[in-house]
Amino acid sequence: MCGIVGYVGEQQALEVVLGGLRRLEYRGYDSAGVAILHGGRLQVERKAGKLSNLEKEIGEKSLPGTLGIGHTRWATHGPPTDRNAHPQVDCAGKVAVVHNGTIENFEVLVRGLEDRGHTRTSDTDTEVVAHLVEERYDGDLAATVRSICQDLEGSFVLVIAHQDEPDLVVAARRNLPLVIGLGEGENFVGSDVTAFIAHTREARAVEQDQVVEVRRSGVTVTDLEGNVVEGDSYHVDWDTAAAEKGGHEFFMLKEIEEQPAAIRETLGGRLQEDGLLHLDELSMSDQDIRDIEQVVIVGCGSAYHSGLVGKYALERWARLPVQAEMASEFRYRDPVIGRSTLVIAVSQSGETADTLEAVRHARHLRAKVLAVTNTVGSTISRESDAALYTRGGPEVAVASTKSVMTQITAMYLVGLYLAQVRGTRDPDEVRAHLADLQAVPALVQEVLDRMGPVRQLARELVDEERVLFLGRHVGYPMALEGALKLKELAYIGAEGFPAGEIKHGPIALVEQGTPVIVIAPRHALQAKLVNNVQEVRARGARTIVIATDGDESVTPYADTIIRIPDTKSLLTPLLTIVPLQVLSAEIARARGLDVDQPRNLAKSVTVE
Ligand code: AGP
């Protein structure tokens, strides 16, 4: 949601800033803009729609300058129009501001500014900041921003340029992510490291209520009182190639292909020579682990679905009571948790607002919080007691694919580790499960190699308006995930249900030809699933069944069968989800939709 770049250096800022914005496109946006400072004058260009619109608007215009800020906006206050695009400016056009977040007290601030003679030219909350800088600036932009931040309520990342400061970009953050990129004779700020990864891999995270002064020669970070705050930088392992499409038409298709390697990365280095697990990252002593009395897993969207799989795994292996729940609901229901609760926050980005608030609430209630995240240095990883990184590499497409795979893999690791330490599974059984898990990447590759029939199926389903997904046990979260993928990518009304629930209502949706996708790998509940397939088929459904190689029990009732290799039933989500990802992407492509950036969606939902 909203992408931000700030740059001061020797290169032409326009190119650097547009390059950064292009890499941040995946976050989702509906307008874009830049401000470049040159010769004591700020030139601002902004445009509704995609970055290509902005580039067309800039056209042959000359925007020289080595200091710039840029923004992709996901509209909250005011529709996505040219005038509401960022940067927003003050009355004199001397100050340019880009902003991610919402300034909750902006109406009070606007009234004050209007009383004092300022004229608004947009519907945004952001514009107030530009006018406040105009009013308070006395030659020290950083001090001005610090004073303004004290009057702002809500969440924000602000990046500001002033025409009288030719070597300074000032940034500030509260509740939303901001990262510094440290270069040689040039420095950056961005919403995440992809904003500057093409130029430097040295990064530093900005903490809550800090203000950053970015100059060519270096970066200074202060708190809101102006005290300098030291901090460590870290090296980013990702490179630009990892964030490029690598010959694929869409990032999502590339990311689907990367899944076997991603799972291997998640497992890498976490298995000891004796075949057991080594998870120091949990920062918990064996006694701490034995003292856990319950586990609560929180996440949003696909991350929640990964958490649901985790619930089955942790309950089975570690014999602990586990709840998995949507982070957006967690803190509003007065959860009964405390010191003996382990809360696991699952988030690819590590920045999802609801998950972050759930982490804060859990810690407030004294629970131990473990982040399962892909993003080193993210707010959730920093605010949790410990972080288990999924190491999936950059995921650019809005739709989660390899992040789900790696999150589920990480949940299995946590489940087996708790079982190992608590002694609820004997070491040989833990070893055997880990060996099964290590075999999964090759099986995922096998599934990927068989996607021809799924592409054919996508062509057959392209005009459908409703598709139902059924699953049982760990197939149920994958039914939810399959339906989410189809909704978000192809805009098809899709719903996932536990197969046992259909007779309690959803079966009324089935009519002649309704596609019903049943996730039915070999499992103890197989016979029951076969019954469910028969039930919907008897009512006219077109049944599409994901079944294990060699399992013929469902063949007579399946109009289409998608085969997956055999694995242990608890691990099947890592295989069954693959055809569902490919199916949704291919239907979206056949419908002529933007597979990587579906309408209305943002990669990282940083507002509640
Ligand atoms: C699904 O394809 C989406 N990308 C979405 O549901 C996502 O999983 C959710 O917004 C949570 O994001 P996070 O993992 O970055 O917290």
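What you see is a predicted model; the values in this text were computed from it and never measured.

1. Things to note about the sheet that holds strand E10 (residues 187–190)
Reasoning step 1: Judged by pairing direction, the sheet is antiparallel, and its 8 strands sit side by side in the order E3-E2-E4-E1-E10-E9-E11-E14 without closing on themselves. Only two strands of the sheet have a single neighbouring strand rather than two, namely strand E3 (41–48) and strand E14 (234–235).
Reasoning step 2: Across 8 bridges, the pairing between strand E2 (residues 31–38) and E3 is antiparallel. Each bridged residue has a counterpart across the sheet, and for Gly33 the counterpart in E3 is Arg46.
Reasoning step 3: Strands in contact with helix H1 (residues 13–24) are strand E1 (3–8), E2, strand E4 (67–73) and E10; relative to E1, the strand with the most contacts, it is inclined by about 155°.
Reasoning step 4: The sheet contacts of helix H2 (residues 51–58) involve E2 and E3, and relative to E3 the element is tilted by about 135°.

2. Overview of the pattern of salt bridges
Reasoning step 1: This model, assessed by the stated rule, comprises 39 salt bridges.
Reasoning step 2: Asp123 is paired through a salt bridge with Arg83; the nearest N and O atoms lie 3.1 Å apart. You can see Asp123 sitting in the loop between helix H3 (106–115) and helix H4 (127–136) and its partner Arg83 sitting in the loop between E4 and strand E5 (88–89), a full 40 residues away along the chain.
Reasoning step 3: With relative accessibility at 38%, the residue Arg83 sits in the partly exposed group.

3. Describing helix H7 (residues 259–267)
Reasoning step 1: Burial in H7 covers these residues: Gln259, Pro260, Ala262, Ile263, Thr266 and Leu267. Angular distribution of buried residues about the axis of H7 spans 160°; they occupy a single face of the element.
Reasoning step 2: The inward-facing, buried residues of H7 contact helix H6 (251–257), helix H13 (402–422), helix H14 (427–448) and helix H18 (573–590).
Reasoning step 3: Where H7 terminates, the next one or two residues include Gly269, which has phi positive at roughly 75°.

4. Here we look at the packing of aromatic side chains
Reasoning step 1: Taken as a whole, this structure holds 3 aromatic pairs when the rule is applied.
Reasoning step 2: Considering the side-chain rings of Phe188 and Phe196, the 5.8 Å spacing of their centres and the 35° angle between planes classify their relative orientation as tilted. You'll find Phe188 and Phe196 in the same group, each marked buried.
Reasoning step 3: Three or more aromatic residues link up through ring pairs in this structure, and these residues are Tyr7, Phe188 and Phe196.
Reasoning step 4: The residue whose ring lies beneath Arg599 is Tyr491, and the NZ or CZ to ring-centre distance is 3.8 Å.

5. Quick look at the domain arrangement of the protein
Accessible area lost upon the coming together of the parts is a frequently used measure of interface size.
Reasoning step 1: Each domain of the protein was delimited in the assignment, giving domain 1 (3–242), domain 2 (246–438) and domain 3 (448–590).
Reasoning step 2: Taken together, the 27 residues of domain 2 in the interface contact 24 residues of domain 3.
Reasoning step 3: Buried area between domain 2 and domain 3, both sides added, is near 2300 Å², and the carbon and sulfur share of it is 72%.
Reasoning step 4: Connecting domain 2 to domain 3 are 2 salt bridges.
Reasoning step 5: The salt bridge involving Asp436 is made with Lys568; its shortest N-O contact spans 2.9 Å.
Reasoning step 6: The interface formed by domain 2 and domain 3 contains 9 residue pairs in polar contact (both at pLDDT 80 or more).
Reasoning step 7: Per element, the largest residue contribution to the side of domain 2 that touches domain 3 is 9 residues, and it comes from helix H9 (residues 301–318).

6. Considerations on the environment of Ala362
Reasoning step 1: One can find Ala362 in helix H11 (residues 353–364).
Reasoning step 2: We classify Ala362 as buried; its relative accessible area is 0%.
Reasoning step 3: Counting along the chain gives 295 residues from Ala362 to Leu67, while the straight-line C-alpha distance between them is 42 Å.
Reasoning step 4: Here Ala362 is in contact with Phe330, Ile337, Val343, Ala367 and Val369, once residues within four sequence places are set aside.

7. Observations concerning the sheet that holds strand E8 (residues 169–174)
Sheets are built from strands that pair by backbone hydrogen bonding, the pairs being arranged parallel or antiparallel.
Reasoning step 1: Within the open sheet, the 6 strands sit side by side as E5-E6-E7-E8-E12-E13. Their pairing is antiparallel. At either end of the open sheet lies a strand with only one pairing partner, and these are E5 and strand E13 (219–223).
Reasoning step 2: Bridge count for strand E12 (residues 210–214) against E13 is 5 bridges, and the pairing is antiparallel. Each bridged residue has a counterpart across the sheet, and for Gln210 the counterpart in E13 is Asp223.
Reasoning step 3: Here H4 sits on the sheet and contacts E5, strand E6 (95–103) and strand E7 (154–162); the angle it forms with E6, its principal contact strand, is near 135°.
Reasoning step 4: Together, E7, E8, E12 and E13 form the strand contacts of helix H5 (residues 141–149), whose direction differs from that of E8 by roughly 20°.

8. A few points about the side chain of Arg331
Reasoning step 1: Within the secondary structure, Arg331 sits in the loop between helix H10 (327–330) and strand E17 (341–347).
Reasoning step 2: Side-chain polar atoms of Arg331 contact the side chain of Tyr332, separated by 2.6 Å.
Reasoning step 3: Excluding anything up to four places from it in sequence, Arg331 contacts Asp354, Glu357, His361 and Glu608.

9. Focus: the site of the ligand
Reasoning step 1: With respect to spatial proximity, 14 residues lie near the ligand, and among them Ser347, Gln348, Ser349, Thr352 and Glu488 are the closest.
Reasoning step 2: At 2.6 Å, a side-chain N or O of Ser347 approaches an oxygen atom of the ligand.
Reasoning step 3: Between an oxygen atom of the ligand and a main-chain N or O atom of Ser400, the distance comes to 2.8 Å.
Reasoning step 4: Considering only residue class, the shell around the ligand consists of 5 nonpolar, 7 polar and 2 charged.
Reasoning step 5: When residues of the shell around the ligand are assigned to domains, at least three map to each of domain 2 (246–438) and domain 3 (448–590).

10. Some details on the packing of H13 against H14
Reasoning step 1: Interhelical geometry of H13 versus H14 gives an angle of 170° and a closest axis separation of 10 Å. Taken together, H13 and H14 sit at an angle that is classed as roughly antiparallel. In contact with Met405, Tyr412, Leu413, Leu416 and Gln420 of H13, H14 contributes Val430, His433, Leu434, Leu437 and Val444.

11. Focus on the packing of H13 against H18
Packed helices, taken two at a time, are described by their axes: the angle between them and the distance between them.
Reasoning step 1: Relative to each other, H13 and H18 sit at 170°, their axes nearing to 10 Å. With respect to H18, the element H13 is oriented roughly antiparallel. Of H18, the residues touching H13 (which contributes Met405, Ile408, Thr409 and Tyr412) are Pro573, Leu574, Ile577 and Val578.
Reasoning step 2: The residue inventory of the contact of H13 with H18, partitioned by class, reads 7 nonpolar, 1 polar and no charged.

12. Notes on the nonpolar core
Reasoning step 1: Grouped together as the largest cluster of nonpolar side chains are 95 residues, with contacts concentrated most on Val295, Ile344, Leu370, Tyr412, Leu418 and Phe469.
Reasoning step 2: With 13 residues, H13 is the largest single contributor of residues to this core.
Reasoning step 3: In terms of domain composition, this core takes at least three residues from each of domain 2 (246–438) and domain 3 (448–590).
Reasoning step 4: Apart from residues lying up to four places away in sequence, Tyr412 is in contact with Val309, Ala313, Trp317, Leu437, Leu570, Leu571, Pro573 and Leu574.
Reasoning step 5: The next biggest cluster of nonpolar side chains, apart from the first, holds 27 residues, and it includes Leu109, Leu158, Val170 and Val211.

Quick notes on the rules
- Residues numbered from 1 in each chain as written.
- Predicted model: local features only at pLDDT ≥ 70, side-chain atom pairs only at ≥ 80, totals over all residues.
- Heavy atoms only, no water.
- Pairing = 2+ DSSP bridges.
- Helix = DSSP H or I, 4+ residues; strand = E, 2+ residues; numbered from the N terminus.
- Contact = heavy atoms within 4.5 Å.
- Axes fitted to C-alpha atoms, helices over the stretch in contact; angles between N-to-C directions.
- Salt bridge = Lys/Arg side-chain N within 4 Å of Asp/Glu carboxyl O.
- Buried < 20%, exposed > 50% of the residue type's maximum accessible area, 1.4 Å probe, protein only.
- Arc of directions from axis to C-beta.
- Phe/Tyr/Trp six-rings, centres within 6.5 Å; stacked < 30°, edge-to-face > 60°.
- Lys NZ or Arg CZ within 6 Å of the ring centre and 35° of its normal.
- Domains from an automatic or database assignment.
- Buried area = accessible area lost by both parts, 1.4 Å probe.
- Polar contact = N/O pair within 3.5 Å; in protein donor to acceptor, adjacent residues only side chain to side chain.
- Near = heavy atom within 4 Å.
- Nonpolar A, V, L, I, M, F, W, Y, C, P; charged D, E, K, R; others polar.
- Parallel < 35°, antiparallel > 145°, perpendicular 65-115°, else oblique.
- Core = buried A, V, L, I, M, F, W, Y, C linked by side-chain atoms within 4.5 Å.

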